[in-house]
Amino acid sequence: MRAYATALETGTKAGQAKSPPEPGKPRTPIKTVPAGSMAALIRHYKKSKFPELGQVTQDNYTRLFARLEVAAGSLPVAKITEDDIQRMVDERAAEGGIEAGNSTRRIFRLLMAFAKDHKYRKDNPAKDIRKKRRPKGAKKGWDTLSETNIAKFFARWPLGTRQHVAMTVLLYTGQRRGDAVRLGPHSVVGGKFDLDNLTDCSIEVRQNKTGKELEIPLAAQLAAALKACKISADAPAFILTERGKPYSDKSFTGKFSAWGKAAGITTQCSPHTLRFAAARRLAELGLSLKVIASITGHDSLKELERYTKAAEQRLLAKQAIAALGSH
């Protein structure tokens, strides 16, 4: 990091204008980026591709690009080898875990494909880098919040509390945290928002990450939670802070985790584990992946399958034993 800061400072000094600034205008240093470098490629990609991406994806890529610039920003794109990329993926995995290593792999594959398309080089040295796998028996990524822990949460935060509304929004819409915190009376279609008449209403969602538009029927459980908490028609959101303001994405995750701990939940309790739980519940009802995706908004059924695999296995096993017992 010190070496990178020194390089930036040197580049800034080299790029400063030789002539004095105009009166009343401060001199603005120009940060020079070597042509053909990884840093130049990243800037080209952001300028070319970012307008096509959702805000969440842009934020994720920006974070990964910033780390990559520190590690390899000055390297010439044309001279990077497959071994160089593999080494950086391995180092990142050793430092931050398998998912971190795979994120580095994914961002290199993205950038090197872009580099090939835009004549930075003739090949894509990242295309054969294999995804890192977890050892057998190791826990895989996010978990789903169990029914026991969901019951603990509702016992601690009963009907009429803000926390109950938050949990119900997550469970009965299946949305990501960034979309859940933005849902409110303005999202309800099918008539004016009226706590005494939410039957046959739906919620419109435009997913921030993908831009996908969904219309989800407003569940009776969610209608009851909104009514008990007396959510007004002009409220900015369903899930509100103590001051009646909407949560930001990050602050909601931290707050929800704290509510889970207060309820005695010792496993991971976050909006994302509730998105898993919503999909799991639907899978346990025997619904198809396509039906579940109509709520969650997943484009990739393979990704959704990760959410529901355990539930489907239990359901099929139950059916198998029932069939065996009645034979």
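Everything quoted here is computed from the prediction, not taken from an experiment.

Draft legend 1. Focus on the overall build of the protein. Within the protein, the secondary structure is distributed over 13 helices and three strands. By the burial criterion, 38% of the 327 residues in the protein qualify as buried. Element-wise, carbon and sulfur atoms account for 53% of the exposed surface of the protein, whose accessible area totals about 19,300 Å².

Draft legend 2. Just the packing of aromatic side chains, in detail. In total, this model carries 13 aromatic pairs according to the counting rule given. With a centroid separation of 6.0 Å and 50 degrees between ring planes, the pair formed by tyrosine 61 and phenylalanine 65 is classed as tilted. Separated by four residues within a single helix, tyrosine 61 and phenylalanine 65 lie in helix α3 (residues 55–72), roughly one turn from each other. What makes tyrosine 61 buried here is its relative accessible area of 16%. The interplanar angle of 20 degrees and the centroid separation of 5.2 Å between the aromatic rings of phenylalanine 153 and phenylalanine 256 together place this pair among those described as stacked. Of this pair, phenylalanine 153 sits in helix α6 (residues 147–156) while phenylalanine 256 sits in helix α10 (residues 249–262); the two residues are 103 residues apart in sequence, bridging distant segments of the chain. You'll find phenylalanine 153 and phenylalanine 256 in the same group, each marked buried.

Draft legend 3. Region of interest: α10. The end-to-end C-alpha separation of α10 is 20 Å, in line with the 20 Å expected for 14 residues at 1.5 Å each. Buried residues of α10: Asp249, Phe252, Phe256, Trp259 and Gly260, and no others. For α10, the angular spread of buried residues about the axis comes to 100 degrees, placing them on one side. Along α10, exposed side chains directed more than 90 degrees from the buried face belong to Lys250 and Lys261.

Draft legend 4. Seen up close, the sheet that holds strand β1 (residues 188–189). Reading across from one edge, β1-β2-β3 is the order of the three strands in this open sheet, with antiparallel pairing throughout. Edge positions in the open sheet fall to β1 and β3 (213–217), since each of these has one partner strand only.

Draft legend 5. Representation of helix α5 (residues 98–117). For α5, spanning 20 residues, the distance from its first C-alpha to its last is 29 Å, which sits close to the expected 28 Å at 1.5 Å a residue. Those residues of α5 that sit buried are Ala100, Gly101, Asn102, Ser103, Thr104, Arg105, Ile107, Phe108, Leu111, Met112, Phe114 and Ala115. Contact partners of the buried residues in α5: α2 (38–49), α3 and α4 (82–96). Residue lysine 119 follows α5 closely and has a positive phi angle near 65 degrees.

Draft legend 6. Structural view of a positive patch on the surface. Where like charges cluster on the molecular surface, the positive patch consists of Arg63, Arg106, Lys131, Arg133, Arg177, Lys209, Lys250 and Lys302. With respect to the helices and strands, lysine 209 occurs in the loop between β2 (202–206) and β3.

Draft legend 7. Geometry of the pattern of salt bridges. If you walk through the whole model with that rule in mind, you get 15 salt bridges. For glutamate 242, the salt bridge is made with arginine 162, and the minimal N-O distance between the two is 3.8 Å. One end of the pair, glutamate 242, is in the loop between α9 (220–228) and α10; the other, arginine 162, is in helix α7 (residues 162–173), with 80 residues separating them in the sequence. Accessibility expressed as a relative area gives 21% for arginine 162, which makes it partly exposed. The network of salt bridges with shared partners includes Glu147, Arg280, Arg281 and Glu284.

Parameters at a glance
- Residues numbered from 1 in each chain as written.
- Predicted model: local features only at pLDDT ≥ 70, side-chain atom pairs only at ≥ 80, totals over all residues.
- Heavy atoms only, no water.
- Helix = DSSP H or I, 4+ residues; strand = E, 2+ residues; numbered from the N terminus.
- Buried < 20%, exposed > 50% of the residue type's maximum accessible area, 1.4 Å probe, protein only.
- Areas by Shrake-Rupley, 256 points an atom, 1.4 Å probe, with all protein chains shown as cover.
- Phe/Tyr/Trp six-rings, centres within 6.5 Å; stacked < 30°, edge-to-face > 60°.
- Expected span 1.5 Å × (residues − 1).
- Arc of directions from axis to C-beta.
- Pairing = 2+ DSSP bridges.
- Contact = heavy atoms within 4.5 Å.
- Patch = residues over 30% accessible without salt bridge, like charges linked within 9 Å, V, L, I, M, F, W, Y side chains within 5 Å.
- Salt bridge = Lys/Arg side-chain N within 4 Å of Asp/Glu carboxyl O.
- Lys, Arg positive; Asp, Glu negative; His and termini not counted.
- Charge placed at Lys NZ, Arg CZ, Asp CG, Glu CD.

Structural measurements only, silent on function.
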